[in-house]
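# Architecture at a glance
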Amino acid sequence: MTVYIDDAVHPWRGERWAHLLADTLPELHAMAQQLGIPRRAFQNRRSGAHYDVPAALRDTAIALGAVAISRHADRALVRRVIANARAQYQPL
């Protein structure tokens, strides 16, 4: 099982952000906890279950075992990871 982090390319509130995604929700939540990201930051979205991660934490996530993926270089993998994240969406 794997946790992924994409390129930190999304600007918001004066920072750049990456998406943290995983093969399973328990893995996703465990990595977020290791990064100090509170559970309330979990994005349970129809577009895909994920956490937003500030660019400053991206290297830490990779050091903790997250696999860096690029929307430019890893298109097929990114599509698969996003499809899996969408499947993890749990309507309330």
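To be clear, the structure that these remarks concern was listed above.
Residues numbered from 1 in each chain as written. Predicted model: local features only at pLDDT ≥ 70, side-chain atom pairs only at ≥ 80, totals over all residues. Heavy atoms only, no water.

## Quick look at the side chain of aspartate 7
- Locating aspartate 7 in the fold gives a position in the loop between strand 1 (3–5) and strand 2 (10–12).
- Here the side chain of aspartate 7 touches arginine 71 through a polar contact of 2.9 Å, landing on its backbone nitrogen. (Helix = DSSP H or I, 4+ residues; strand = E, 2+ residues; numbered from the N terminus. Polar contact = N/O pair within 3.5 Å; in protein donor to acceptor, adjacent residues only side chain to side chain.)

## Thoughts on the nonpolar core
- By size, the foremost hydrophobic cluster in this structure holds 18 residues, and its most contacted members are Ile5, Leu20, Leu28 and Tyr51.
- Among the elements of the structure, strand 1, strand 3 (15–22), helix 1 (25–34) and strand 4 (51–54) are those that each provide at least two residues to this core.
- Top element by residues in this core is helix 1. It accounts for four residues.
- Ignoring anything within four residues of it in the chain, the contact list for tyrosine 51 reads Ala18, His19, Leu20, Leu28, His29, Ala32, Ile37, Pro38, Arg39, Ala41 and Phe42.
- Residues Tyr4, Ile69, Val78 and Ile82 belong to the second largest nonpolar core, which totals seven residues. (Core = buried A, V, L, I, M, F, W, Y, C linked by side-chain atoms within 4.5 Å. Buried < 20%, exposed > 50% of the residue type's maximum accessible area, 1.4 Å probe, protein only. Contact = heavy atoms within 4.5 Å.)

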